[in-house]
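Commentary on secondary and tertiary structure
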Amino acid sequence: QVQLVESGGGLVQAGGSLRLSCAASERSFRAYGMAWFRQTIGKERECVATITWTGGNTYYADSVKGRFTISRDNDQNTIYLQMNSLKEEDTAVYYCAATSMGNDGSFSAHVYTYWGQGTQVTVSS
């Protein structure tokens, strides 16, 4: 059982930056593909970025490409989401998630087994 804990959310003005972190409880984390999802009220959970278990490949939703960067530090059992040039429409609860290496890189929420509790990101105009 992998426990994931997000941190780093908050309130930021449009155009600003935030860095989210997701710490995993188990060393086995390094065998999992990881992703960041976000969700707003009344909308489905949306995948914004994924990273393979090796860290060698990253994938982004078109809405964040060029602005967000996903990375991982397997020695620290942590993944990150660097968010730059934030827009009001980036406002959401952000979740990190883990999936088996056979599914890493997927944008489908249903293949992710472990989820964090979420961290709120609010971008003001």
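Rules behind the numbers
Residues numbered from 1 in each chain as written. Predicted model: local features only at pLDDT ≥ 70, side-chain atom pairs only at ≥ 80, totals over all residues. Heavy atoms only, no water. Pairing = 2+ DSSP bridges. Helix = DSSP H or I, 4+ residues; strand = E, 2+ residues; numbered from the N terminus. Axes fitted to C-alpha atoms, helices over the stretch in contact; angles between N-to-C directions. Salt bridge = Lys/Arg side-chain N within 4 Å of Asp/Glu carboxyl O.

Side note on the sheet that holds strand E1 (residues 4–7)
Across the sheet, which stays open at both edges, the 4 strands sit in the order E1-E3-E8-E7 with antiparallel pairing between neighbours. Both edges of this open sheet fall to E1 and strand E7 (68–73), since each of them pairs with a single strand only. Adjacent strand axes in the sheet meet at a mean angle of 15°, parallel and antiparallel pairs treated alike. Where E1 and strand E3 (residues 18–24) come together, 4 bridges link them in antiparallel fashion.

Here we look at the pattern of salt bridges
Using the criterion set out here, one finds 4 salt bridges in the structure. Put simply, Asp90 and Arg38 hold a salt bridge, and the shortest N to O gap is 2.9 Å. With Asp90 in the loop between strand E8 (78–83) and strand E9 (92–100) and Arg38 in strand E4 (residues 32–39), this residue pair connects regions lying 52 residues apart in the sequence. Among the ionic contacts, a cluster of salt bridges with common partners joins Arg38, Glu46, Arg67 and Asp90.

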